Amino acid sequence: MNPILPLHYSAPDGEPHVWAEDPNTLYIYASNDRTGGFNMDPWQSVWSTKDLINWTEHKPGFDAREAVDFDQVEALPASDCIEKNGKYYYYFTAAGKQCVAFSDRPEGPFLHAKPIEGTEFPNCGDPAVFVDDDGSAYLYWGQFSLRGCRLKDNMYELDKETINTMLITEDEHGFHEGSSMRKRGDLYYLIYCDTDRGSATCLSYAVGKTPLGPFEKRGVIIDNIDGDISAWNNHGSIVCFHDQWYIVYHRACLGYEMGGRKACMEPIYFDENGDIKEVKMTTQGIEAPIDARKRMDAWRACCFYREKTQFDIGENFFWKYPVTGWRQTVARNSIRNEKDTGVRAFHYVEKGIHKEYLTKFKKGDSAVYRYLDFGNGVSKFRCSASSYLAHCRIEIHLDGADGPLIGSCEITDTNGFGPWNFQTFTCNVKPVTGVHEVCLTTYPEKGECSTWLCDLDWFEFV
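Residues numbered from 1 in each chain as written. Predicted model: local features only at pLDDT ≥ 70, side-chain atom pairs only at ≥ 80, totals over all residues. Heavy atoms only, no water.

### With respect to the overall build of the chain
Argument step 1. Of regular secondary structure, the chain possesses 3 helices and 30 strands.
Argument step 2. Within the chain, the fraction of its 462 residues that count as buried is 57%.
Argument step 3. In the chain, of all internal contacts separated by at least 6 residues, the share reaching a separation of at least 24 is 59%.
Argument step 4. With an accessible surface of roughly 19600 Å², the chain has 47% of that area assigned to carbon and sulfur atoms. (Helix = DSSP H or I, 4+ residues; strand = E, 2+ residues; numbered from the N terminus. Buried < 20%, exposed > 50% of the residue type's maximum accessible area, 1.4 Å probe, protein only. Contact = heavy atoms within 4.5 Å. Areas by Shrake-Rupley, 256 points an atom, 1.4 Å probe, with all protein chains shown as cover.)

And the structure:
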């Protein structure tokens, strides 16, 4: 299920790879969000799996404090890895440019880092690397305007005659950051974070006939805008594992905590023209629909719906620059931070065990779970919730917030919010069979109410 890792790991910006020497193992090279603020750790783990269910952490796969002697690295943004001739190369950003570290193993450790001259890019270059079928290697980096060029055989020098500083751009392609190159058949797929829907929350793709383009934008693969009120970017890529293609992406889960960007996966499909059909974020992820009778942790909601908040962004915002793309992302999140409204997950540790639950449900807030299998039918809904000085209900809808209402569960005062006040509540539901999206929406029982209504720990159908 999504998220794919234990809930105390973040692992955003995941780059999935399957190496030729071990086709039965999928590796993900990911960042590590530092909780409690907008930052990332100076080390990154490598994750591996043989079944997409059980994951092994190789920690640290790369530690800039050990590998870098030319800069004091405080935080590591997105990185990437590639294999060539039995060696593994880990590309990352430090000292204002792209760099590479080396290992004999896919999980690292990656050491003896070198800066790559000619790749200067302040703060965040989000490097991506690709080796073509003929053995030629390419490096990509940049934000708003993607740079790319061929690498020399030593993998740390540029073939400067091949540099292109505008492979894709924000104006033409919606390019924000986080590029990744893959090849399928004769086509090269450039995956990237896209702002064309107003915020940098889409993973989109452009297609070309060479590793350096030109590239034609084809569409969106997945959009994480409904993952959390703090959703502000997306980063990941596609990978083929055991003849099935997948998209690895992240979604925000913990409100304004940076550590809430968590790794998720969905299967994807190509049509006869090589186009990728857009997919929705799901709870089931790469697995089959989830048995509705199985207890569902509330924090596994794949997206949230909230009553719309109108944002008044004046024409003078950002010194009269158009409020689109990345500027709209910053503006929207700045205003949302001030309002601090909406349901989100909350993380805590109890007796050494990491736990989460959904908190701050308000009027009209919904948590969505895709997809649950009701089999031959159920008759009741049961949940664990808490509330304080509030009398509310959880409406159970199928296939959307406006879909059929099958039940309404009354939540009464439990003398406090949070996990120490959870109580069990039950209601009857209408007969339902088959596979459905489940949407849980909260409302006050009487009149208008804009206050915090309840928290939710788990639910199940019986």
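### Points about the sheet that holds strand β11 (residues 147–151)
Argument step 1. Taken together, 3 strands build an open sheet; the order of strands is β9-β10-β11 and the sheet is antiparallel. Only two strands of the sheet have a single partner each, and these edge strands are β9 (128–131) and β11. For this sheet, the mean angle separating the axes of adjacent strands, direction not counted, is 20 degrees.
Argument step 2. Taken together, the 5 bridges between strand β10 (residues 137–141) and β11 define a ladder with antiparallel strand orientation. Bridge pairing in β11 places Leu 139 opposite Cys 149. (Pairing = 2+ DSSP bridges. Axes fitted to C-alpha atoms, helices over the stretch in contact; angles between N-to-C directions.)

### Some points on the nonpolar core
Argument step 1. One finds Leu 358, Tyr 369, Phe 381, Cys 383 and Phe 461 to be the most contacted residues of the largest nonpolar core, which totals 38 residues.
Argument step 2. Secondary structure elements with two or more residues in this core: β23 (353–361), β24 (366–373), β25 (380–386), β26 (392–398), β27 (405–411), β28 (423–428), β29 (435–444) and β30 (454–461).
Argument step 3. Ranked by size, the runner-up nonpolar core spans 33 residues in total, among them Tyr 27, Phe 121, Ala 137 and Trp 141. (Core = buried A, V, L, I, M, F, W, Y, C linked by side-chain atoms within 4.5 Å.)

### Considering the side chain of Ser 387
Argument step 1. Of note, Ser 387 is situated in the loop between β25 and β26.
Argument step 2. Looking at Ser 387, its side chain comes within polar contact range of the main-chain oxygen of Leu 453, at 2.7 Å.
Argument step 3. Apart from residues no more than four positions distant in its own chain, Ser 387 is found in contact with Ile 411, Thr 412, Asp 413, Thr 414, Asn 415, Gly 416, Phe 417, Leu 453 and Cys 454. (Polar contact = N/O pair within 3.5 Å; in protein donor to acceptor, adjacent residues only side chain to side chain.)

### Let's talk about the confidence of the model for the chain
Argument step 1. Averaged over every residue, the pLDDT of the chain is 90; the share at 70 or more is 89%.
Argument step 2. Every residue in residues 309–327 is under pLDDT 50, and counting partners more than four places away or in other chains gives 28 contacts.
Argument step 3. Low pLDDT, under 50, characterises residues 335–339; the stretch is placed with 9 contacts to residues that sit more than four places away or in other chains. (pLDDT = per-residue confidence, 0-100.)

### Notes on the pattern of salt bridges
Argument step 1. By the definition in use, this model includes 26 salt bridges.
Argument step 2. Taking the shortest distance from any N to any O, the salt bridge between Glu 445 and Arg 393 comes out at 3.9 Å. Of this pair, Glu 445 sits in the loop between β29 and β30 while Arg 393 sits in strand β26, and the two are 52 residues apart along the sequence.
Argument step 3. Each member of the salt-bridge network shares a partner with another, and the members are Asp 13, Asp 33 and Arg 261. (Salt bridge = Lys/Arg side-chain N within 4 Å of Asp/Glu carboxyl O.)

### Side note on the packing of aromatic side chains
Argument step 1. Under the defined criterion, the tally for this structure stands at 26 aromatic pairs.
Argument step 2. Between Tyr 189 and Tyr 205 the ring centres are 5.9 Å apart and the planes differ by 25 degrees, which places this aromatic pair in the stacked class. Of the two residues, Tyr 189 is situated in strand β13 (residues 187–194) and Tyr 205 in strand β14 (residues 202–208); the sequence distance between them amounts to 16 residues.
Argument step 3. Ring geometry for Phe 417 against Trp 452: centres 4.1 Å apart, planes inclined by 10 degrees, an arrangement best described as stacked. Of this pair, Phe 417 sits in the loop between β27 and β28 while Trp 452 sits in the loop between β29 and β30, and the two are 35 residues apart along the sequence.
Argument step 4. Taking relative accessible area as the criterion, Trp 452 reaches 29% and is therefore assigned partly exposed.
Argument step 5. Here the aromatic cluster, defined as three or more aromatic residues joined through ring pairs, consists of Trp 19, Tyr 27, Tyr 29, Phe 62, Tyr 88, Tyr 90, Phe 92 and Phe 110.
Argument step 6. Residue placement shows Arg 295 over the ring face of Trp 458; its charged tip is 3.5 Å from the ring centre. (Phe/Tyr/Trp six-rings, centres within 6.5 Å; stacked < 30°, edge-to-face > 60°. Lys NZ or Arg CZ within 6 Å of the ring centre and 35° of its normal.)

### Re unusual backbone geometry
Argument step 1. In this chain, Asn 2 is followed by Pro 3 through a cis amide linkage whose omega measures -10 degrees.
Argument step 2. Here the residue pair Gly 108 and Pro 109 is connected by a cis peptide bond, since its omega of 10 degrees sits within 30 degrees of zero.
Argument step 3. Here Pro 109 lies in the loop between β7 (97–103) and β8 (111–115).
Argument step 4. Even without being a glycine, Met 155 presents a positive backbone phi close to 70 degrees.
Argument step 5. The topology assignment puts Met 155 in the loop between β11 and α2 (170–173).

### Examining the sheet that holds strand β17 (residues 244–252)
By way of backbone hydrogen bonds, the strands of a sheet pair with one another, either parallel or antiparallel.
Argument step 1. Pairing within the open sheet is antiparallel, and its 3 strands lie in the order β16-β17-β18. Every interior strand has two partners, whereas the edge strands, β16 (237–241) and β18 (261–267), have only one. Neighbour-to-neighbour, the strand axes of this sheet turn through a mean angle of 30 degrees, independent of strand direction.
Argument step 2. Judged from the 5 bridges that link them, β16 and β17 form a sheet pairing that is antiparallel. Within β17, the residue paired with Ile 238 across the bridge is Ile 247.

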